[in-house]
Amino acid sequence: MEAIRRATAQAHPNIAFIKYWGNRDDQLRLPANPSLSMNLGALRTITTVTFLEEEGPDALILNGSPVEGPARDRVEAFLHHVRGMAGFRGRAVVESNTDIPAGVGLASSAAAFAALAVAAAAALGMDLSERELSILARLGSGSACRSMPPGFVEWVAGDRHEDSYAYSIAPPEHWALWDVIAILSEQHKAVGSSEGHRRAATSPLHALRVATAPERVARCREAIWRRDFEALAEIVETDAIWMHAVMMTSRPPLFYWEPATITVLQAVRRWRDEGLPVAFTLDAGPNVHVLCPMEVADEVARRLQRVPGVRRVLASGPGGGACRIPRS
Ligand code: DP6
């Protein structure tokens, strides 16, 4: 009897402290600059991949509902690559469950492709290292390579496919740093990250952002190693503003902020001036991620809930890497 080609894996999303924005190679997702992030342990995606003998279109079932269109096509394109590596041709059924709101700049594609890479490789009996899995996940979504290793993670930009990978600079236990996320909107964003990456180079600020990113990565890495919140706050906010400045000066420009975004950013700056250790960052969406030491996370969440325009608040500490789990 034919062995069942099936495996299940889980992965967490990650929040970038130093951002990935723009590619040198859009096809391979070779990033223009190195980046650095923390996995978010409280949110996760669990994915089961079953490969069948028959050839044909792959099926994607997300939170119990079949998905068609670009999201399914992107999964299929990724699985074609995995099939090519394993020398297998059969179609796949991908069942994925996630508690991450999609399309709101919460790196849902990062957890999705990290879990998919682990599950698909395992289902086809491929024995890949963490580094190889991060390289593979990167082809699905750039930031997915950072969800592969545990804790605090750096993505080495590299200039070839085999050299662009992520590795852990510190385990989750290293620092009880919290990400308190102010959700301002759960609408699907109009322009996704992949299109945004393509536009980055049209901004006159892009080259300067890219040229100065390695230094910000080095300073951020140091701040994490020393658990120096003040240094981290300064560098993380600067980097997020740089990325949004590039977005806003691209052609056509990209404005992800909403009026309430500014209200939250100003509140965070005020709280820090008053002595509360907080720092903001934002991905490709209006929601604001407020970083702080675990001890003040409840207080930060309470304050954020009172800011006009904040619909709800999620909170997470550092999380582990992507891994295979038993099917539940
Ligand atoms: C703003 O990894 O989502 O979150 O490779 O096209 O899937 P694709 O892009 P993606 O880009 C993430 C952009 C960001 C910054 C970051 O996470 O570094």
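Residues numbered from 1 in each chain as written. Predicted model: local features only at pLDDT ≥ 70, side-chain atom pairs only at ≥ 80, totals over all residues. Heavy atoms only, no water.

1. Details of the domain arrangement of the protein
- According to the domain assignment, the protein consists of domain 1 (3-173) and domain 2 (177-316).
- Distance between the C-alpha centres of domain 1 and domain 2: 23 Å.
- At the interface, 32 residues of domain 1 touch 48 residues of domain 2.
- Summed over both sides, the interface of domain 1 with domain 2 buries roughly 3,200 Å², with 67% coming from carbon and sulfur.
- Contact with domain 2 buries surface across domain 1, with Phe17, Lys19 and Trp21 losing the most and accounting together for 26% of the total.
- Put simply, domain 1 and domain 2 have two salt bridges between them.
- Of the charged contacts, one joins Glu154 and Arg221 as a salt bridge, the two residues approaching to 2.7 Å between their closest N and O atoms.
- Summed over the shared surface of domain 1 and domain 2, the result is 13 residue pairs in polar contact (both at pLDDT 80 or more).
- Every element with two or more residues in the side of domain 1 that touches domain 2 is listed here: strand S2 (14-18), strand S5 (35-39), strand S10 (152-156) and strand S11 (165-170). (Domains from an automatic or database assignment. Contact = heavy atoms within 4.5 Å. Buried area = accessible area lost by both parts, 1.4 Å probe. Salt bridge = Lys/Arg side-chain N within 4 Å of Asp/Glu carboxyl O. Polar contact = N/O pair within 3.5 Å; in protein donor to acceptor, adjacent residues only side chain to side chain. Helix = DSSP H or I, 4+ residues; strand = E, 2+ residues; numbered from the N terminus.)

2. Comments concerning the sheet that holds strand S6 (residues 45-51)
- Spatial strand order, S8-S7-S9-S6-S1-S16: six strands in an open sheet with mixed pairing. The open sheet has two free edges, formed respectively by strand S8 (65-67) and strand S16 (323-325), since each of these has just one partner strand. The average angle at which neighbouring strand axes cross in this sheet is 30°, direction not considered.
- Across seven bridges, strand S1 (residues 5-11) lies against S6 in antiparallel orientation. Paired with Thr8 across the two strands is Thr48, which belongs to S6.
- Contacts from helix H1 (residues 70-86) reach S6, strand S7 (59-62), S8 and strand S9 (92-98), with the element oriented near 125° to S9. (Pairing = 2+ DSSP bridges. Axes fitted to C-alpha atoms, helices over the stretch in contact; angles between N-to-C directions.)

3. Things to note about the site of the ligand
- The immediate surroundings of the ligand are formed by 17 residues, with Arg74, Ser141, Gly142, Ser143 and Ser194 found nearest.
- With respect to the ligand, the side chain of Ser143 contributes an N or O atom lying 2.6 Å from an oxygen atom.
- Computed on the free molecule, the ligand has an accessible area of 460 Å², of which 96% lies beneath the protein chains in the complex.
- If one sorts the elements of the shell around the ligand by residue count, helix H4 (residues 193-200) sits on top with three residues.
- Among the residues forming the shell around the ligand, the class breakdown is five nonpolar, seven polar and five charged.
- Counting only domains with at least three residues in the shell around the ligand, you end up with domain 1 (3-173) and domain 2 (177-316). (Near = heavy atom within 4 Å. Areas by Shrake-Rupley, 256 points an atom, 1.4 Å probe, with all protein chains shown as cover. Nonpolar A, V, L, I, M, F, W, Y, C, P; charged D, E, K, R; others polar.)

4. Here's the deal with unusual backbone geometry
- For the peptide bond that leads from Arg251 to Pro252, omega is -10°, which places it in the cis range.
- Its location among the elements puts Pro252 in the loop between helix H6 (229-248) and helix H7 (259-273).
- Positive phi, close to 45°, is recorded for Asn63, a residue that is not glycine.
- With respect to the element layout, Asn63 can be found in the loop between S7 and S8.

5. Brief notes about helix H3 (residues 130-140)
- Extensive coverage of H3 is indicated by the burial of eight of its eleven residues.
- Its buried side turned inward, H3 meets strand S4 (30-31), H1, helix H2 (108-123), S10 and S11. (Buried < 20%, exposed > 50% of the residue type's maximum accessible area, 1.4 Å probe, protein only.)

6. Let's talk about the pairing of S9
- Pairing of S6 with S9, which is carried by seven bridges, proceeds in the antiparallel orientation. Residue pairing across strands places Thr50 opposite Val93, the latter belonging to S9.

7. Details of the nonpolar core
- Of all hydrophobic cores here, the largest spans 61 residues; its most connected members are Phe17, Phe51, Phe78, Leu79, Phe152, Ile224 and Leu232.
- When residues of this core are assigned to their parent elements, the largest contribution, eleven residues, is made by H2.
- Mapped onto the domain boundaries, this core takes at least three residues apiece from domain 1 (3-173) and domain 2 (177-316).
- Every residue in contact with Phe78, bar those within four places of it in the chain, is listed here: Phe113, Leu116, Ala117, Leu136, Ala137, Leu139 and Gly140. (Core = buried A, V, L, I, M, F, W, Y, C linked by side-chain atoms within 4.5 Å.)

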